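# A structural walkthrough
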Amino acid sequence: MNRTVVVISLILALAAGGWYFLGSKAGDKAKGGGPAPVNVITAIIEQKSVPLDLKVIGNVVPNQSVAIKSRIDSAIMEIHFKDGDEVKKGDTLFLLDRRTLESQLQSLKSNLVRDRALLEDARLKYTRSKDLKIKGYETVSNFDTAKATYESQQAAVAVAQAAIDSANVQLGYTVITSPIDGRAGTINLTAGNNVKANDTQPLVTVNEIKPIRAQLAVPQTYLAPLRKAMANGATEVQATINNDNQPVVGKLTYIDNAIDAASGTFVARATFENLDERLWPGMFVNLTVRLGNEDGVLTVPETAIQRGQSGDYMFVIAGGKATKTPVTVIRTLDGQAVITGAFKEGDAVVVDGALTLKDGDAVSVRYPDAPKPADDNASEKPAEKPPEKSEPKQ
């Protein structure tokens, strides 16, 4: 008896629950006439002036780089700097063994003294022969010989002097100085090592880093804007190092004279004073080239752009429904996308909630500061933006 009562009670409970569930769904359907609207957050398409910036990754290169090499065969006697030192133009870097060259120079000077003495003797003989010829006591043959000897000895003196000058130049090569202001790198050969003229390995490399340059590969579509910006004056370039919030400011100074056909890019360079040496050769930096402003363009938050197999699109809201609309993104800047497509200024687009949307779905607009409804059926009308709080009167 008790079991029969329990079974009947369970059957009645299940029947009541099913009736309530079906009835509530029927009521909901009759009430709304379809699925509940999707809660979304929207933004308005704006037409405004935006900065025309080019953002690329660049490589820092020295303004000048000199590989210091010996111009003579010798040995290193002294080194007047340390690895990584800052050097000035004209500073002595290396002293080479000069004893052999000094000995050769002394020999050449002695030769010059001898040749000058012979020249004086030839001059006197030529002068006497000339006087005797005028008086008729000298043959033409002897006069011509004296004249040729004198002129030949003049040439010998000139050759001896040139040899001395050359030896002095060679002797000057024993003192190796820095040709530029910059910072020295690693010293590759220490004192006591032999060096060869124009050896493949430099003694040291000096890089000029104040100023310094950054090299960037720019898409060819930016050629005209870059040239126009440079023609209008100094074009500002900002270099950001990793996550440093303080960019290094410089200016665009060079555009290559040809576009690489393989990559469709051209080389440009920016110059930075770099007085604090924040930029270093070989470093990769984020570069922003300020090209001016672009007026009258349509912009939306970048979060409104959805990616699909057939291209980018957005959901445009009209009449309480979402319409999937193709969009072309020209460029992005600081979270904003510059766009073109079949829409206009003032159109509302979805920036949050697009993942659950389909083309033609009904939507309920929710503002960022408004609380989310407790369930999907709480409201079918767009929620009104909450009124701004007024400050209490004093």
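Described in the following lines is the structure provided in the data block. (Residues numbered from 1 in each chain as written. Predicted model: local features only at pLDDT ≥ 70, side-chain atom pairs only at ≥ 80, totals over all residues. Heavy atoms only, no water.)

### Focus: the overall build of the protein chain
A tally of regular secondary structure across the protein chain gives four helices and 19 strands. Considering the protein chain as a whole, with its 394 residues, one finds that 31% of them fall into the buried category. Taking all contacts inside the protein chain whose residues are at least 6 apart in sequence as the whole, residues at least 24 apart take part in 76%. Counting only carbon and sulfur atoms, one obtains 52% of the accessible surface of the protein chain, whose full area is about 24,800 Å². (Helix = DSSP H or I, 4+ residues; strand = E, 2+ residues; numbered from the N terminus. Buried < 20%, exposed > 50% of the residue type's maximum accessible area, 1.4 Å probe, protein only. Contact = heavy atoms within 4.5 Å. Areas by Shrake-Rupley, 256 points an atom, 1.4 Å probe, with all protein chains shown as cover.)

### Here's the deal with the pattern of salt bridges
Applying the stated criterion across every chain, the model contains 18 salt bridges. In this structure, the salt-bridge partner of Glu102 is Arg98, at a minimum N-O distance of 2.8 Å. Taking the relative accessible area as the measure of exposure, Glu102 reaches 33% and is therefore partly exposed. Of the charged contacts in the structure, one is a salt bridge between Asp361 and Lys358, with a shortest N-O distance of 3.7 Å. What makes Asp361 buried here is its relative accessible area of 16%. For Lys358, a relative accessible area of 56% gives the class exposed. (Salt bridge = Lys/Arg side-chain N within 4 Å of Asp/Glu carboxyl O.)

### Considerations on helix 2 (residues 99-135)
Taking 1.5 Å per residue as the helical rise, helix 2 with its 37 residues ought to reach 54 Å, and the 55 Å between its terminal C-alpha atoms agrees with that figure. Among all positions in helix 2, only Leu101, Leu105, Leu112, Asp115, Leu119, Ala122, Tyr126 and Ser129 are buried. On its buried face, helix 2 sits against helix 3 (140-172). Once helix 2 finishes, Gly136 follows within two positions and takes phi at roughly 90 degrees, a positive value. (Expected span 1.5 Å × (residues − 1).)

### Quick word on the packing of helix 2 against helix 3
Two elements in contact, helix 2 and helix 3, have axes whose closest approach is 8 Å; the angle formed by their N-to-C orientations is 160 degrees. Taken as axis vectors, helix 2 and helix 3 run roughly antiparallel relative to one another. Every pair of crossing elements has a handedness; the one defined by helix 2 and helix 3 is left-handed. Broken down by class, the residue content of the contact of helix 2 with helix 3 amounts to 19 nonpolar, eight polar and nine charged. (Axes fitted to C-alpha atoms, helices over the stretch in contact; angles between N-to-C directions. Parallel < 35°, antiparallel > 145°, perpendicular 65-115°, else oblique. Left-handed = near helix turned anticlockwise from the far one by under 90°. Nonpolar A, V, L, I, M, F, W, Y, C, P; charged D, E, K, R; others polar.)

### Quick notes on the pairing of strand 18 (residues 348-352)
The element strand 18 is extensively covered by neighbouring structure, given that four of its five residues are classed as buried. Across four bridges, strand 1 (residues 38-44) lies against strand 18 in antiparallel orientation. The residue bridging Ala43 from the neighbouring strand is Val349, located in strand 18. Pairing geometry for strand 15 (residues 311-318) and strand 18, over two bridges, is antiparallel. Residue pairing across strands places Ile317 opposite Ala348, the latter belonging to strand 18. (Pairing = 2+ DSSP bridges.)

### Quick word on the sheet that holds strand 6 (residues 175-177)
Spatial ordering of the open sheet is given by 6-5-3-8, a layout of four strands whose pairing is antiparallel. If you trace the sheet from one side to the other, it starts and ends with strand 6 and strand 8 (194-195), each paired once. In this structure, strand 3 (residues 74-79) lies alongside strand 5 (residues 92-96), joined through three bridges in antiparallel fashion. Bridged to Ile79 within strand 5 is Phe94.

### Quick notes on the pairing of strand 10 (residues 236-240)
In terms of strand pairing, strand 10 meets strand 11 (residues 248-255) through four bridges, oriented antiparallel. Its bridge partner lying in strand 11, Gln238 is registered against Val249. Relative to strand 13 (residues 284-301), strand 10 runs antiparallel, the two being bridged by four bridges. Paired with Ala239 across the bridge in strand 13 is Leu287.

### Some details on the environment of Val66
Looking at the element boundaries, Val66 is found in strand 2 (residues 46-68). Excluding anything up to four places from it in sequence, Val66 contacts Pro179, Ile180, Val204, Thr205 and Val206.

### Looking at the nonpolar core
Among the nonpolar cores identified, the biggest contains 31 residues, and Ile76, Phe81, Phe94 and Leu203 are the most heavily contacted of them. Among all residues touching Phe94, those that are not within four sequence positions of it are Ile76, Glu78, Ile79, Phe81, Thr174, Val175, Ile176, Ile187, Leu189, Leu203 and Val204. Core analysis: the second largest hydrophobic core is formed by 27 residues, Ala214, Ala239, Val248 and Phe266 among them. (Core = buried A, V, L, I, M, F, W, Y, C linked by side-chain atoms within 4.5 Å.)

### Things to note about the packing of aromatic side chains
Considering all chains together, one arrives at four aromatic pairs under this definition. Taking the centre distance of 5.5 Å and the plane angle of 5 degrees together, the rings of Tyr126 and Tyr150 count as stacked. Taken together, the residues span a long stretch of sequence, with Tyr126 in helix 2 and Tyr150 in helix 3 at a distance of 24 residues. Chaining the aromatic ring pairs together yields one cluster made of Tyr126, Phe143 and Tyr150. Looking at Lys133, its charged tip hangs above the ring of Phe143, at a distance of 5.4 Å from the centre. The side chain of Lys324 reaches across the aromatic face of Tyr313, ending 4.4 Å from its centre. (Phe/Tyr/Trp six-rings, centres within 6.5 Å; stacked < 30°, edge-to-face > 60°. Lys NZ or Arg CZ within 6 Å of the ring centre and 35° of its normal.)

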